[in-house]
Amino acid sequence: MNDMNGPRLALVFPGQGAQQPGMGRPWVGRPGWFLAERASEVSGRDVQELLLRADAEQLRRTDNAQLATFVLEMVILTELRQALPAAGRPTVCAGHSLGEYAALVAAGVLGFADGVRLVTARGEAMRAACAARPGTMAVVLGLPAADLEQAADEVRAEGGQVWVANLNSPQQTVLSGAADGVARCAALAEERGATRVVPIPVGGAFHTPLMAPAARSLTATLARTELLHGFAPVVANVDARPRRGADDWRALLREQLTAPVRWTDSVRTMADELHCDMFVEVGPGRTLTGLARKIAPQVSRLTVSEPGQLPAVPSPVPSTPVRSVA
């Protein structure tokens, strides 16, 4: 755990949706960049190409987005641990959807190479599930999650396919499902007071029962993966509870594909139960520190997505919430 006199850090890792073209360029030539080369060897994919030269269209593809985002987070984590020693023994780790795999590596539960193999398999499985059962997602702003859950229940009762997929903050929730089901539920949300509904340009219904084929496909890879005791708890997406060691993670990672991401409760677990005094977002964008500002404003926030943000002395960084979906 942390030095008794150091900050109680929560390391948090964004998921698919945070990726950007060229996001690896600031890290080329730095000590952590060797992990991009290692990831290419393990995955059989040109990860450096994805991080340096892939365009927005290439990075929208689920398998590309997930592998590139995960590997960049590992590069940044390696550098962060040199700049901020407490990041080597955080109080807790958590990740939004895909980011949960980075959190497991950061907590010592999953090795880097196994993480690459799992993320590669996950991305491919989700891409195949999207092709077989196309879907979409939408961010709903300004409507309590319970009200949106009720609207989704009503649409499903009429034969539609739509579910609440991400509970990101008290005023930001994500719908996921078949395109017509999401459209019907979005209309109900606006009738009931949502201030805005923003479509997310994805081709799949992430975190819904429509991802069940991906969960089945991932099972074999999970069975071959060594999970370790680790040195920090990881707050699980599916129930927002801190889990220590390897207990239940194979089942949790399967369930995560079809269950909602309970991010609001996860942040409250880290802030209120585990008494973290700083959230450090490791990866592209400012998605999670922005959400944390809404959920637990008393906790300091630091975003590290490029080398110039590596701290000499940690200090709060204001953030703007954006979406992370998978």
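Our subject is the structure listed above.
Everything numeric here is computed off the predicted structure, so don't read it as measured data.

Caption draft 1: Representation of the overall build of the protein in the model. Of the regular secondary structure elements, the protein holds 12 helices and 10 strands. By the compact-globule yardstick of 20 Å for 326 residues, the protein fits well, its C-alpha radius of gyration being 18 Å. Summarising its shape, the C-alpha atoms of the protein cover approximately 55 × 45 × 35 Å along the three principal directions. Among the 326 residues that make up the protein, the fraction classed as buried is 61%. For the protein, the proportion of contacts with a sequence separation of at least 24, taken over those separated by at least 6, is 76%. In the form shown here, the protein has an accessible surface area of approximately 12,300 Å², with 50% of it arising from carbon and sulfur atoms. When the 32 basic and 32 acidic side-chain charges of the protein are each reduced to a single mean position, those positions are 2 Å apart.

Caption draft 2: Representation of the packing of helix H4 (residues 62–83) against helix H5 (residues 99–106) in the model. For the pair H4 and H5, interaxial distance at closest approach is 10 Å and the crossing angle is 35°. For the crossing formed where H4 meets H5, the hand is right-handed. Of the residues in H5, those touching H4 at Phe70, Glu73, Met74, Leu77 and Arg81 are Gly99, Tyr101, Ala102, Val105 and Ala106. Class assignment of the residues belonging to the contact of H4 with H5 gives a composition of seven nonpolar, one polar and two charged.

Caption draft 3: Examining unusual backbone geometry more closely. Although it is not a glycine, His207 sits at a positive phi angle of roughly 60°. Tracing the chain through its elements places His207 in the loop between strand E6 (196–200) and helix H9 (212–223). Classification of His207 as buried rests on a relative accessible area of 2%.

Caption draft 4: Summary view of the environment of Val182. The residue Val182 is located in helix H8 (residues 179–191) in this model. Spatially, the C-alpha atoms of Val182 and Phe34 are 42 Å apart, while their sequence positions differ by 148 residues. Once residues lying within four places of it in the same chain are set aside, the contact partners of Val182 are Thr136, Ala138, Gln161, Val162, Leu175, Ser176 and Gly177.

Caption draft 5: Seen up close, the environment of Leu188. Here Leu188 shows up in helix H8. Look at Leu188 and you get buried, because its relative accessible area is 19%. In contact with Leu188, not counting residues within four places along its chain, are Ala151, Glu154 and Val155.

What counts, and where the lines are drawn
Residues numbered from 1 in each chain as written. Predicted model: local features only at pLDDT ≥ 70, side-chain atom pairs only at ≥ 80, totals over all residues. Heavy atoms only, no water. Helix = DSSP H or I, 4+ residues; strand = E, 2+ residues; numbered from the N terminus. Rg over C-alpha atoms; globule rule 2.2 N^0.38 Å. Buried < 20%, exposed > 50% of the residue type's maximum accessible area, 1.4 Å probe, protein only. Contact = heavy atoms within 4.5 Å. Areas by Shrake-Rupley, 256 points an atom, 1.4 Å probe, with all protein chains shown as cover. Lys, Arg positive; Asp, Glu negative; His and termini not counted. Charge placed at Lys NZ, Arg CZ, Asp CG, Glu CD. Axes fitted to C-alpha atoms, helices over the stretch in contact; angles between N-to-C directions. Left-handed = near helix turned anticlockwise from the far one by under 90°. Nonpolar A, V, L, I, M, F, W, Y, C, P; charged D, E, K, R; others polar.

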